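Commentary on secondary and tertiary structure
Chain residues, written in single-letter form:
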Amino acid sequence: MARKKSETEPARRGRPRAYDPQAALKRATDEFWQTGYSGTSLDSIAAATGMNPPSLYAAFGNKRAIYLKALSRYWEIALTATREALAEDRPLREALMLAYEAALSIYFSGKGRARGCFVVGTAVTEAHDDPDIRKSVAAGLHTTDADFEARLRMAREKGELKHNADPAALAVLASATMHTIAVRARAGAPRSELREIAQKAVNVICGCQSDGG
């Protein structure tokens, strides 16, 4: 028992880490992405990261804490990809399609079948009972809507959309399209089919294009 106690003493903090925290979190994210929150155990995360449970707990906390960090990491990656695609120096149609292509690259980033969206595939089912997960999901969705709306509002100001186009309503459509291709990707729809769906949504959104745009 004394040996086990010594292994958890604060003196261990002085030892160099034998793992990369970001790499470990990525592997933990992949594990949750594959089997969902409920289907993922601390032991399976330990196996995926190569860390024993005590080290895993010391570095990240319990399973829920690890998941919240994974969810935050996913939002950071996904939102950054969307914002980069929606850069104002591109025509609206091109920017929107690049946003969907960026999303598809994430949804098809795993080995084998498409994983879809981490949020849609793992967080939505947990959001009902977990206030922190619910808050993260709501904040991420709100930010996605806001990013699309900002780009569409700018397009209207530049004359790419009609003056009476509603950026807020079009942003909801743009976001909803991202959600549906995420679900369909998880359900096995081919990437080419999902790209066509995205293109149809872009056509509808840009159908509000000004006569001179």
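Every value quoted in this text rests on a predicted model; they were computed, and no experiment measured them.

**Quick notes on the overall build of the protein chain**
For the protein chain, the count of helices and strands is 10 helices and 0 strands. Starting at the N terminus and walking to the C terminus, you meet the elements of the protein chain as α-α-α-α-α-α-α-α-α-α. Residue burial in the protein chain is summarised as follows: out of 213 residues, 39% are buried. Long-range pairs, those at least 24 residues apart, make up 69% of the contacts in the protein chain between residues at least 6 apart in sequence. Total accessible area computed for the protein chain in this model is approximately 11,900 Å², and 53% of it derives from carbon and sulfur atoms.

**A short note on the confidence of the model for the protein chain**
Confidence along the protein chain averages 88 in pLDDT terms, with 89% of residues attaining 70 or more. Ignoring residues within four places in sequence, the model shows residues 1-16, a span with pLDDT below 50, making 3 contacts including any to other chains.

**A short note on the environment of Leu42**
Relative to the elements of secondary structure, Leu42 occurs in helix H3 (residues 42-49). Setting aside its immediate chain neighbours within four residues, Leu42 contacts Leu56, Lys63 and Ile66.

**With respect to helix H4 (residues 53-60)**
Three- or four-residue spacings in an α-helix give side chains the same orientation, since the helix completes a turn every 3.6 residues. Taken residue by residue, H4 has Ser55, Leu56 and Phe60 as its buried positions. Seen end-on, H4 carries its buried residues on one side only, within an arc spanning 105 degrees. Counted as exposed and oriented over 90 degrees from the buried face of H4: Tyr57 and Ala58. Elements that come into contact with the buried residues of H4 comprise helix H2 (21-35), H3 and helix H5 (63-85). With a side-chain oxygen positioned 2.8 Å from the backbone nitrogen of Ser55, the residue opening H4 is Asn52. After H4 finishes, the residue Gly61 shows a positive phi value of roughly 100 degrees.

**Here we look at the nonpolar core**
Formed by 59 residues in total, the largest nonpolar core has its most connected members in Tyr74, Tyr100, Tyr107 and Phe148. Counting residues per element, this core draws most heavily on helix H6 (residues 92-107), at 11 residues. Tyr100 has contacts with Phe148, Ala174, Thr177, Met178, Ile181, Ala198 and Val202, leaving out every residue within four places of it along the chain.

**As for the packing of H2 against H3**
Between H2 and H3, the least distance of the axes is 9 Å, while the angle of their chain directions is 130 degrees. Judged by the inter-axis angle, H2 sits oblique to H3. In the crossing of H2 with H3, the sense of the turn from one axis to the other is right-handed. Of the residues in H3, those in contact with Ala24, Arg27, Ala28, Glu31 and Phe32 of H2 are Ser44, Ile45, Ala48 and Thr49.

**A few points about helix H7 (residues 118-127)**
Every buried residue of H7 is listed here: Phe118, Val119, Thr122, Ala123, Glu126 and Ala127. Take H7 and look down its axis: the buried residues cluster within an arc of 125 degrees, on one side only. The secondary structure elements touched by the buried residues of H7 are H2, H5 and helix H8 (131-157).

**Focus on the packing of aromatic side chains**
Counted according to the given criterion, the structure contains 8 aromatic pairs. Seen in terms of ring centroids, Tyr74 and Phe118 are 5.5 Å apart; in terms of plane orientation they differ by 35 degrees. Their pairing is tilted. In this pair, Tyr74 sits in helix H5 while Phe118 sits in helix H7, placing the two residues 44 residues apart along the sequence. The two residues Tyr74 and Phe118 agree in class, both being buried. Taken together, the ring pairs connect Phe32, Trp33, Tyr37, Tyr67, Tyr74 and Phe118 into an aromatic cluster. Sitting above the plane of the Tyr37 ring, Lys63 keeps its charged end 4.2 Å from the centroid. For Arg115, the ring lying beneath its charged end belongs to Trp33, and the centroid distance is 3.6 Å.

Conventions and cut-offs
Residues numbered from 1 in each chain as written. Predicted model: local features only at pLDDT ≥ 70, side-chain atom pairs only at ≥ 80, totals over all residues. Heavy atoms only, no water. Helix = DSSP H or I, 4+ residues; strand = E, 2+ residues; numbered from the N terminus. Buried < 20%, exposed > 50% of the residue type's maximum accessible area, 1.4 Å probe, protein only. Contact = heavy atoms within 4.5 Å. Areas by Shrake-Rupley, 256 points an atom, 1.4 Å probe, with all protein chains shown as cover. pLDDT = per-residue confidence, 0-100. Arc of directions from axis to C-beta. Polar contact = N/O pair within 3.5 Å; in protein donor to acceptor, adjacent residues only side chain to side chain. Core = buried A, V, L, I, M, F, W, Y, C linked by side-chain atoms within 4.5 Å. Axes fitted to C-alpha atoms, helices over the stretch in contact; angles between N-to-C directions. Parallel < 35°, antiparallel > 145°, perpendicular 65-115°, else oblique. Left-handed = near helix turned anticlockwise from the far one by under 90°. Phe/Tyr/Trp six-rings, centres within 6.5 Å; stacked < 30°, edge-to-face > 60°. Lys NZ or Arg CZ within 6 Å of the ring centre and 35° of its normal.

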